[in-house]
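# Secondary and tertiary structure notes
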Amino acid sequence: MTTDSLAPTGRAAFAVPEDVAYFNTANLSPQLHTVRAAGVAALDRRGQPWTIGAADWFTDVERLRALAGALVGADAEGIALVPSTSYGFAVTARVLDVRPGDRVLVLAEEYPSGIYTWRAAGADLLTVGRNPGGTWTDAVLAALDERVDVVSVPPVHWTDGARVDLEAVAARTREVGARLVIDGSQAIGAMPFDVGALHPDAVVTVGYKWLLGPFGLGYLYLAPEHRDGAPIEQNWILREGSEDFARLVDYRDTYQPGTRRFDVGERSQFELVPMAIAALEQITAWGVERIAASLATTTGAVRRRTADLGLDAGRPEDVGPHVLGLRLPESARGGVLGALAAAGVYASVRGDALRVAPHLHVTDDDIDRLVDALATCSS
């Protein structure tokens, strides 16, 4: 039901016990069995360092880079491996040369990592909010003019999944001569995304949410015109010829090609990279369009059944397929998570909304338990 053609590989693919109804992927993804197995094997391998050769510092990393690029319509040359969104934003602010007084357009109540980065750069933030009945797209387009230097937006708002029409925003951004930065952490892996259609300057995403990977590995895409910039750290593996360990003391000013110069130090992460590869291979095998369609079926069922409880999730066309923000009465916000947990149901409260973020593991029984627990809170 909830996973359509992906149903045979849904719940069985995840390490989620039958007595747990987990709706919190937007916080931290449930773990795939294949990712866990890759992690165990990686730890065993790391325990035998004599089996790790010079080439191994590079081969898995390049496999991961190519997989991440393919998910956003890019090749490996455009992807840097970063540990967090804040690191990706820091690189972006540097290569875009954001200076004090530059105007950066952001959404109200946006995730803090980007906000703090733009503030640290001295930018003037133009914060836009939704009017009642309006959309984030309406708000962005109404404020976006030639005075804006950078547009920094996500595909969906992190608190409730409310969608931003990135194609419309990207077109207007180019029209006014601004630059486009996208935080894809709450969308990439669960919604189709194509840098070829959007032409962003930068896209950053974590790997531990909708990309189903380990904590501490994320991805940064930079447009070709920004790949010659200065990285925020200098480490040996980013330099040209670093594959030849015997010649590392022949110091070089030139970097590895593409976006590799922006990789975080110790990027080879022998314990984590195999886990991230296993996660992206599974997402690739399922296909993001099929994942999105399956998740839309799940969130649609939740929407219909919670509407009977008087909980508003906004118009279906205004939200992503994978996240719902159920507006809670103020009297219910303090105790809802405890009531859900008592029933073995897990979600998040963000702002005034209960954020419901399923993945392919969610079943009809999980939805029943969520709705029954919410009915108890609402009564």
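The rules we used
- Residues numbered from 1 in each chain as written.
- Predicted model: local features only at pLDDT ≥ 70, side-chain atom pairs only at ≥ 80, totals over all residues.
- Heavy atoms only, no water.
- Pairing = 2+ DSSP bridges.
- Helix = DSSP H or I, 4+ residues; strand = E, 2+ residues; numbered from the N terminus.
- Axes fitted to C-alpha atoms, helices over the stretch in contact; angles between N-to-C directions.
- Contact = heavy atoms within 4.5 Å.
- Patch = residues over 30% accessible without salt bridge, like charges linked within 9 Å, V, L, I, M, F, W, Y side chains within 5 Å.
- Areas by Shrake-Rupley, 256 points an atom, 1.4 Å probe, with all protein chains shown as cover.
- Salt bridge = Lys/Arg side-chain N within 4 Å of Asp/Glu carboxyl O.
- Buried < 20%, exposed > 50% of the residue type's maximum accessible area, 1.4 Å probe, protein only.
- 1 Å grid on protein atoms, 1.4 Å probe; cavity = no way out; pocket = protein on both sides within 12 Å on 5 of 7 lines; lining within 4 Å.
- Points joined across faces, edges and corners; volume = space filled by probe spheres on them.
- Expected span 1.5 Å × (residues − 1).
- Arc of directions from axis to C-beta.
- Core = buried A, V, L, I, M, F, W, Y, C linked by side-chain atoms within 4.5 Å.
- Parallel < 35°, antiparallel > 145°, perpendicular 65-115°, else oblique.
- Nonpolar A, V, L, I, M, F, W, Y, C, P; charged D, E, K, R; others polar.
- Phe/Tyr/Trp six-rings, centres within 6.5 Å; stacked < 30°, edge-to-face > 60°.
- Polar contact = N/O pair within 3.5 Å; in protein donor to acceptor, adjacent residues only side chain to side chain.

### Notes on the sheet that holds strand 6 (residues 179-183)
- Spatial ordering of the open sheet is given by 2-8-7-6-5-3-4, a layout of seven strands whose pairing is mixed. Each of the sheet's edge strands pairs with one partner strand only, and the pair in question is strand 2 (79-82) and strand 4 (124-128). Strand-to-strand, the axes of this sheet are offset by a mean angle of 20°, without reference to chain direction.
- In this sheet, strand 6 lies alongside strand 5 (residues 150-153) in parallel orientation, the contact comprising four bridges. Residue Val150 lies in a different strand from strand 6, and its bridge partner there is Arg179.
- Set on the sheet, helix 5 (residues 136-143) makes contact with strand 3 (103-107), strand 4 and strand 5; between it and strand 4 the angle comes to about 135°.
- Contacting strand 5 and strand 6, helix 6 (residues 166-176) crosses the sheet at an angle of about 155° to strand 6.

### Regarding a nonpolar patch on the surface
- There is a patch of nonpolar side chains on the surface, built from Trp236, Phe245 and Leu248 and spanning about 250 Å² of accessible area.
- Mapped onto the fold, Leu248 is located in the loop between strand 8 (218-222) and helix 8 (273-286).
- Classification of Leu248 by relative accessible area gives partly exposed; the value is 32%.

### Quick notes on the pattern of salt bridges
- Scanning the entire structure with this criterion turns up 22 salt bridges.
- Notably, a salt bridge pairs Glu281 with Arg63, separated by 3.1 Å at the nearest N-O pair. Residue Glu281 is located in helix 8, and its partner Arg63 is located in helix 2 (residues 59-71); the two are separated by 218 residues in the primary sequence.
- With a closest N to O distance of 2.9 Å, Arg247 and Asp250 form a salt bridge.
- Judged by relative accessible area, Asp250 falls into the partly exposed class, the value being 34%.
- One salt-bridge network, in which partners are shared between bridges, spans Glu62, Arg65, Glu77, Arg260, Asp263 and Arg267.

### Some details on empty space enclosed by the protein
- Here the structure, examined in full by the defined rule, presents three cavities of 30 Å³ or more.
- Together, 13 residues line the largest cavity, and Ala68, Val72, Ile188, Thr205 and Tyr219 are the ones closest to its centre.
- Residue assignment for the lining of the largest cavity shows that the elements contributing at least two residues are helix 2, strand 7 (202-206) and strand 8.
- Among the elements that take part in the lining of the largest cavity, strand 8 stands out by supplying three residues, more than any other.

### Observations regarding helix 1 (residues 33-46)
- Under the 1.5 Å per step criterion, the end-to-end length of helix 1 is 20 Å for 14 residues, consistent within 8% with the ideal 20 Å.
- Within helix 1, burial applies to Val35, Ala38, Gly39 and Ala42. Viewed along the axis of helix 1, the buried residues span an arc of 100°, placing them on a single side of the element. For helix 1, exposure combined with an orientation more than 90 degrees from the buried face picks out Arg36 and Asp44.
- Elements that come into contact with the buried residues of helix 1 comprise helix 8.

### Comments concerning the nonpolar core
- Leu64, Leu105, Val151, Val153, Phe193, Tyr219 and Leu280 are the most contacted members of the largest nonpolar core, which totals 67 residues.
- By residue number, the principal contributor to this core is helix 8, which donates nine residues.
- Other than its neighbours up to four places away in sequence, Leu280 contacts Leu64, Leu67, Ala68, Leu71, Leu211 and Tyr219.

### Let's talk about the packing of helix 8 against helix 9 (residues 288-307)
- Two elements in contact, helix 8 and helix 9, have axes separated by 6 Å at closest approach and are oriented at 80°. Judged by the inter-axis angle, helix 8 sits roughly perpendicular to helix 9. Contact residues: Ile283, Ala285 and Trp286 in helix 8; Val288, Arg290 and Ile291 in helix 9.
- Looking at the contact of helix 8 with helix 9 residue by residue, the classes come out as five nonpolar, no polar and one charged.

### A word on the packing of aromatic side chains
- Tallied over the full model, the rule gives eight aromatic pairs.
- Aromatic pair Phe14 and Trp286: ring centres 6.0 Å apart, planes at 25°, arrangement stacked. Of the two residues, Phe14 is situated in the segment before strand 1 (21-22) and Trp286 in helix 8; the sequence distance between them amounts to 272 residues. When sorted by exposure, Phe14 lands in the same class as Trp286, which is buried.

### Structural notes on unusual backbone geometry
- Residues other than glycine seldom take positive phi values, yet Asp97 does so here, at roughly 55°.
- Structurally, Asp97 is set in the loop between helix 3 (85-95) and strand 3.
- According to the relative accessible area criterion, Asp97 is partly exposed, its value standing at 39%.
- At His199, a residue that is not glycine, the phi angle is positive and equals roughly 50°.
- Residue placement: His199 occurs in the loop between helix 7 (195-198) and strand 7.

### Regarding the side chain of Gln256
- For Gln256, the position within the fold is in the loop between strand 8 and helix 8.
- Since its relative accessible area comes to 8%, Gln256 is described here as buried.
- For Gln256, the side chain forms a polar contact with the side chain of Glu243, separated by 3.3 Å.
- Gln256 has contacts with Ile237, Leu238, Arg239, Glu240, Gly241, Ser242 and Glu243, leaving out every residue within four places of it along the chain.

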